[in-house]
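# Coordinate analysis (summary)
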Amino acid sequence: MIPAAFEYHRPGDLPSALALLQQHGDEARVIAGGHSLIPMMKLRMAEVPHLIDLQAIDALRGIRIDGTRITLGAMVTQHELIAHEGLARVAPILREAALQIADPQVRYMGTIGGNVANGDPGNDMPGLMQCLDATFHVTGPGGERAIPARSFYESAYMTAREEDEILTAVSFDAPTGGQAYEKQKRKIGDYATAAAAVILTRSGATCTHASIAMTNLSDVPVWSEAAGAALTGTPCDEAAMLNAIAAMLADIDPAGDNRGPVEFKRHTAGIILARAIARAWSRA
Amino acid sequence: MNDLTPDRDDRTAKLKGIGCARKRVEDARFTQGKGNYVDDIKLPGMLFGDFVRSPYAHARVKSIDTSAALALDGVVAVLTARDLEPLGLHWMPTLAGDKQMVLADGKVLFQGQEVAFVVARDRYVAADAVELVAVEYEELPVLTNPFEAMQSDIVLREDLTPGTDGAHGPRRHHNHIFLWEEGDRTATEQVIASADVVAEEMVYYHRTHPCPLETCGCVASMDKVNGKLTVYGTFQAPHVVRTVASLLSGIEERNIRIVSPDIGGGFGNKVGVYPGYVCSIVASIVTGVPVKWVEDRMDNLMATAFARDYWMKGRIAATKEGRITGLWCHVTADHGAFDACADPTRFPAGFFHICTGSYDIPVAYVGVDGVYTNKAPGGVAYRCSFRVTEAAYFIERMIEVLAIELNMDAAELRRINFIRADQFPYHSALGWEYDSGDYHTAWDKALKAVDYAGLRREQAERLAAFKRGETRKLIGIGLTHFTEIVGAGPVKNCDILGMGMFDSCEIRIHPTGSAIARLGTISQGQGHATTFAQILASEIGIPADSITIEEGDTDTAPYGLGTYGSRSTPVAGAATAMAGRKIRAKAQMIAAYLLEVHDDDVEFDIDRFTVKGAPERFKTMAEIAYAAYNQAIPGIEPGLEAVSYYDPPNMTYPFGAYICVMEIDVDTGETQIRQFYALDDCGTRINPMVIEGQVHGGLTEALAIAMGQEIAYDEMGNMKTATLMDFFMPTAWETPHYTTDHTETPSPHHPIGAKGVGESPNVGGVPAFSNAVHDALRPFGLRHTHMPHDHWRIWKAAHDLGLHG
Amino acid sequence: MTQKMQITLTVNGTRHEILAEPRELLIHVLRERLNITGPHIGCETSHCGACTVTMGNRSVKSCTVFAAQADGAEITTIEGLGTPDALHPLQEAFREHHGLQCGFCTPGMITRAAQLLRENPNPTEEEVRFGMSGNLCRCTGYQNIVKAVLAAAATINSAKEAAQ
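Bear in mind the structure is a predicted one, so any value in this text is a computation, not a measurement.

Let us look at the overall build of chain C. Along its length, chain C carries six helices and five strands. Its helices and strands in sequence order give chain C the pattern β-β-α-β-β-α-β-α-α-α-α, from N to C terminus. The C-alpha radius of gyration of chain C comes to 16 Å, within 12% of the 15 Å expected for a compact globule of 164 residues. Judged by the C-alpha coordinates and their principal axes, chain C covers about 50 × 35 × 25 Å. For chain C, the residues scored as buried account for 66% of the 164 residues in total. Here the analysis covers contacts within chain C between residues at least 6 apart in sequence; of these, 56% occur between residues at least 24 apart.

See the structure below:
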């Protein structure tokens, strides 16, 4: 498995990277950790004449926690996310989810930016970011834009990011309440058969707000507003949970693959969501 | 004598002989990154070869345009079938008596088939050139199902004349390869027709792949000055490769040197002869420089040696009390596009007729139909002796189904049908002579070790809780008692391409008392350099640490048939002991001379010969070795060497009792192995540490196969599991902790009583895992569901039983 | 073919300046250009970990890193962990506890384990299994690998204590 030849660029700052993207147009792609792109290049399913490596751009690094606002530079790796104690305190769901991505080696290289920008429906972070109502920050020739994660994904590998833009950071408010990321997979290193990100807030015995997103159950991540609404104002009892599952099932559209046929995935999605809700509720 | 006892223990310990958990001598280089695998070999001027492969499972090749590839800087040659045809090498014989295209000759028959071979300066240029070879295909209808293939008008093998016999007799359809039968069909069918109880089931053992971590590859180097061809490669049988290469190329065997360097796991994958080897050799002959070919992982999974793919229809008959009275089996065997199964010539279904297992079954019949389909060729024994895994899975599933039919505990059903210890040597209804065994003892020990009754109680409690809606997890107890047949084989009925399946050992004792032994086998991780030295240490009294073991270089090693089918210890291990005994016999004469007594008045004692009745008078083996070379001894020629070619009188029959306790989540199909107990009886135990390691590894391969690993195709013949994302190999996280145990029933015909163990855990492991899944769902009416038991298939089984409301 | 580029790699403490195509994979540069053949190629899709090396303070699969990306990096391979006279405790422990058979996964396995123990000197069995889950082994069933890593951790820790 040998990739086709390409030219390599390692710009030292964002303007240089953007200029290279402009200059080479369709022929250029940026690379962060490369653990999605490089296998595709090796299988010659992606041809990239100009590869723009973002590793030397310091502005894309760093985890910032300003009060309740959290900003993750695009080049923050899954490993850094997991290791960051401050982040684990204010948004434990990130560590819980990141630990379920790929394997240790891949997590040293894989970045939050690459995971969300690639548009691979199998990636775990897009659904989580939708659950968190995160904002994706992109910079292009026209300047900076902020795109809500919930409107970023159009179809598999197609996103609201223009080809001449670079995703620089993601930001979100520290979630309150109980959180859970539940993922079923065949083994370490696999994409989800079904995964659910759930954040619930409660007041007394009542759920006051719920956000639910599902992964790898459609060609885009699915933030199910209706599923969240089905829990809000309820005691998160079995009836409410069944309503939330039914609402979620109306929003997903899984495809059959080696992990199983559609009917299995739909059933599993319901089970995984029920577990995520129960766990988040127990933590709320 | 008593005061000598500690001394004898000490001397025995120093030998590190049979029974010692000796640390491995191989590990120094492997742990320091100094292994020498095929892809580590670099020769001056070496080129790199890569294949253009078919994207289609069945298509006519209309044209191949190599001009753009040849125009690329760094490309030296592009070979197609037309280039190999004048040499008669566009096809090659398979190990099963069929023939196989080396490069596509007019059509392709499976996805990934080799179409053209690009030779270039390095692997990067070769990969670029592969992209530039333009092949025009005309797609043909695809057959991936053997039952359909046997009915279809579509002719897969147009090269075979309809109506002519194949290598194993008449072919009754153009996609039929052979029908092979054993046992008494009429008598078996009569027993079944009049039996109290008959259980019937179709048991599919799915297609999978050995997938060693190192793929297959070679470096071929034709030295045109000296006329000598050297091939370094991933060969589990280097001497056979030399003979085959000589027969195909016309180069005299003395001018061919085959070297198997360190091999990164074989598991059967590296028994086959692949187009890559042939093309590399031809390319080196054509270019006059060395040519390396190393598969990538997709090539490996798509094109080299699959395993299993047996549809086994079974009927088992019994009395009301559970005494088995007969076993009937018909197999539809999917061999893919070419019959390239690696089996001894007379056994096109390998040793599948060991399928009466550990049980005393008076009458049995087996028929196997081999069928061509548009899938990769192969059919190797993936960590098992030829088709024994399929046989063990079949009988251990049939026993479980019969237990359901009889409403009986499956452990008890096994116990009342075991061959008794006093029945050995035991003649099975399908023609085997089991050498030794004590199944009842092993079984009772296993059941006691896991507290079988306690487990059944816990399982019943869980079931009750499940029914009360308190849990969604069930417990399954997977039982297996397997009997292996390994160590092929007696030359009188086991050969490969006419080459008898003996093996060999050649020993040289050096004057100062260290030694080298060379064998016809080749380790792929089994630790031969460690364990064969232990056998020899016990036989000749030289410490294992002073004995070098060498294998794999046909210029230096004696001829042997290689390492697969757990045959190294039963056959080459026996040769080692026998050669050692020849050394000892000569040493005895030398010792007697040195001690000035008659030959019969000295006796071997651990590391020396002593005068009988006067143990203080002795000569150590080191002293004897020195004398053998440096002292003129009347009537004895100088030197201390021996060679033994061992033709075993029978195969060996290792056995074991495995118990797997599994939790199953009926909602998601997820499983967790809570406990796995493995009792193995491999006869005399040479190195307990190595045996335990083999069992751990084999069980993990069994776990993979039973629980998810498969080579799967869609209806178009596209391979769906061509990378390690989809081809299941468990990590440390999914792999459970294993408890190992043993009994020790030596083989009566093996010089040291050893039977071989490497493959037992795969043979016994697969039914143990599978039976656990079945056992969990048995209370809800599950009889049988096909492997692999991945999440969705378990879910589907539970779903079909109505467990999802 | 594109222009070759100058790449600087410090491997096991030795600085190398090489001319390579940007697309060359780190594993190929190590094995083919620098003759460092300890790390192996197993799956080529970043699943098996046979090619694991340490880059800076990260365990990486060198089949999925372009040499160009590694330009300027410090790399440690199995060859840099110990010497024949002074083996790394992991190298000792893998032999002692039979943590290897065919040896093909071993360099990647030990290199990964070394980084794991740097980050977590006192892992539990579960943490070892999780931390080593990026490395496949076909021979051992992992049980003795886990045992070896735990034993090496104890050795390293007691050596540290003795030094204090």
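What follows deals with unusual backbone geometry. All names here are of chain B. With omega at -5°, the peptide bond leading from Phe424 into Pro425 counts as cis. Position of Pro425 relative to the elements: it lies in the loop between α12 (410–417) and β19 (426–427). The amide bond that connects Met787 to the next residue, Pro788, takes the cis arrangement and shows omega of -10°. Following the sequence through the fold, Pro788 ends up in the loop between α19 (760–777) and α20 (791–800). For Leu497, which is not glycine, the phi dihedral falls at a positive 50°.

On to the sheet that holds strand β14 (residues 222–223) of chain A. Residues and elements named next belong to chain A. The strand order across the open sheet formed by four strands is β11-β12-β13-β14, and the pairing between neighbours is antiparallel. Because the sheet does not close on itself, it has two edges, and the strands there are β11 (178–184) and β14. Across seven bridges, the pairing between β11 and strand β12 (residues 194–203) is antiparallel. Within the sheet, the bridge partner assigned to Gln184 lies in β12 and is Ala194.

Residues and elements named next belong to chain C. A large share of strand β1 (residues 5–11) lies buried, amounting to six of its seven residues. Two successive antiparallel strands, β1 and strand β2 (residues 14–20), enclose a turn made up of two residues, where Asn12 displays a positive phi of approximately 50°. Direction of pairing for β1 relative to strand β5 (residues 74–76): parallel, over a ladder of two bridges. Looking at β5, one finds that Val11 is bridged to Ile75.

Before going further, it helps to spend a moment on the domain arrangement of chain A. Here chain A is described as being made up of domain 1 (7–50), domain 2 (62–173) and domain 3 (192–283). Using C-alpha coordinates to define each centre, domain 1 of chain A is positioned 36 Å away from domain 3 of chain A.

This part covers the pattern of salt bridges. Residues and elements named next belong to chain B. Throughout the structure, instances matching the rule amount to 94 salt bridges over all chains. Its salt-bridge partner being Lys16, residue Asp545 comes within 2.8 Å of it at the nearest N-O pair. Remark: Lys16 occurs in the loop between α1 (5–15) and α2 (27–31) and Asp545 occurs in the loop between α15 (528–540) and β26 (547–551); sequence separation between them is 529 residues. Residue class for Lys16 comes out partly exposed when judged on its relative accessible area of 30%. With its nearest N and O atoms 2.8 Å apart, the salt bridge here joins Asp334 to Lys375. Here Asp334 is found in strand β16 (residues 324–336), whereas its partner Lys375 is found in the loop between β17 (364–372) and β18 (378–380), with 41 residues between them in sequence. Taking the relative accessible area as the measure of exposure, Lys375 reaches 7% and is therefore buried.

This next bit is on the side chain of Thr77 of chain A. Locating Thr77 of chain A in the fold gives a position in the loop between β5 (69–73) and α3 (78–83). Taking the relative accessible area as the measure of exposure, Thr77 of chain A reaches 7% and is therefore buried.

Contact residues are listed per partner, giving 56 residues for chain B and 50 residues for chain C. With both chains or domains summed, chain B and chain C bury close to 4,500 Å², and 54% of this area falls on carbon and sulfur atoms. The interface formed by chain B and chain C holds six salt bridges in total. The interface formed by chain B and chain C contains 29 residue pairs in polar contact (both at pLDDT 80 or more). Listing elements by their share of the side of chain B that touches chain C, those giving two or more residues are α2, α5 (123–132) and α18 (688–707) of chain B.

This part takes up the interface of chain C and chain A. With 37 residues of chain C at the contact, the number on the chain A side is 34 residues. The junction of chain C with chain A conceals about 2,700 Å² of combined surface from both sides, 62% of it contributed by carbon and sulfur atoms. Of all residues in chain C, the largest losses of buried area upon contact with chain A belong to Arg23, Phe66 and Gln69 of chain C, amounting jointly to 24% of the total for that side. The tally of links between chain C and chain A comes to one salt bridge. With a closest N to O distance of 2.5 Å, Lys61 of chain C and Asp103 of chain A form a salt bridge. Taken together, the links from chain C to chain A amount to 15 residue pairs in polar contact (both at pLDDT 80 or more). Only β3 (52–55), β4 (58–61), α2 (67–70), α4 (106–119) and α5 (125–131) of chain C provide two or more residues apiece to the side of chain C that touches chain A. Top contributing element to the side of chain C that touches chain A by residue count: β4 of chain C, with four residues.

This part takes up the domain arrangement of chain C. All names here are of chain C. Domain assignment breaks chain C into domain 1 (5–80) and domain 2 (89–159). Here domain 1 and domain 2 have C-alpha centroids that lie 21 Å from each other. Counting residues at the interface gives 19 residues for domain 1, matched by 14 residues for domain 2. Taken together, both faces of the contact between domain 1 and domain 2 bury some 1,200 Å²; the carbon and sulfur share is 55%. Linking domain 1 to domain 2 there are zero salt bridges. Our enumeration of links across domain 1 and domain 2 arrives at six residue pairs in polar contact (both at pLDDT 80 or more). Looking at the side of domain 1 that touches domain 2, the elements that each hand over two or more residues are β3 and β4.

All names here are of chain C. In the contact formed by helix α3 (residues 89–96) and α4, the axes pass within 10 Å of each other and the chain directions differ by 125°. Here α4 runs oblique to α3, going by the angle between their axes. Viewed along their axes, α3 and α4 form a crossing whose handedness is right-handed. Across the interface between the two elements, Leu90, Gln91 and Phe94 from α3 touch Thr106, Met109, Ile110, Ala113, Ala114 and Leu117 from α4.

This brings us to the pairing of β2 of chain C. Alignment of β1 of chain C against β2 of chain C, held across seven bridges, turns out to be antiparallel. Of the residues in β2 of chain C, the one forming a bridge with Ile7 of chain C is Ile18 of chain C.

All names here are of chain B. End to end, α15 covers 17 Å across 13 residues, agreeing with the expected 18 Å (1.5 Å per residue, within 8%). By the criterion of burial, α15 is predominantly enclosed, with 12 of the 13 residues buried. Along α15, the residues that are buried comprise His528, Ala529, Thr530, Thr531, Phe532, Ala533, Gln534, Ile535, Leu536, Ala537, Glu539 and Ile540. Downstream of α15 by one or two residues, Gly541 has phi in the positive range, about 75°.

Attention now goes to the sheet that holds strand β3 (residues 75–79) of chain B. Residue and element names in this part refer to chain B. The seven strands are arranged β3-β7-β1-β14-β11-β12-β13 in an open sheet whose pairing can be described as mixed. Single-partner strands in this sheet number two, and they are β3 and β13 (256–259). On average, adjacent strands in this sheet sit at an angle of 20° to one another, irrespective of strand direction. Where strand β12 (residues 228–233) and β13 come together, four bridges link them in parallel fashion. From the neighbouring strand, Val231 faces β13, where its bridge partner is Ile258. Lying on the sheet, α5 is in contact with β1 (47–53), β3, β7 (114–120) and β14 (291–294); it crosses β1 at an angle near 25°. Strands β1, β3, β7, β11 (217–223), β12 and β14 of the sheet are contacted by helix α9 (residues 275–287), whose axis makes an angle of about 25° with β11.

Thresholds applied
Residues numbered from 1 in each chain as written. Chains lettered and ligands numbered in written order. Predicted model: local features only at pLDDT ≥ 70, side-chain atom pairs only at ≥ 80, totals over all residues. Heavy atoms only, no water. Helix = DSSP H or I, 4+ residues; strand = E, 2+ residues; numbered from the N terminus. Rg over C-alpha atoms; globule rule 2.2 N^0.38 Å. Buried < 20%, exposed > 50% of the residue type's maximum accessible area, 1.4 Å probe, protein only. Contact = heavy atoms within 4.5 Å. Pairing = 2+ DSSP bridges. Domains from an automatic or database assignment. Salt bridge = Lys/Arg side-chain N within 4 Å of Asp/Glu carboxyl O. Buried area = accessible area lost by both parts, 1.4 Å probe. Polar contact = N/O pair within 3.5 Å; in protein donor to acceptor, adjacent residues only side chain to side chain. Axes fitted to C-alpha atoms, helices over the stretch in contact; angles between N-to-C directions. Parallel < 35°, antiparallel > 145°, perpendicular 65-115°, else oblique. Left-handed = near helix turned anticlockwise from the far one by under 90°. Expected span 1.5 Å × (residues − 1).

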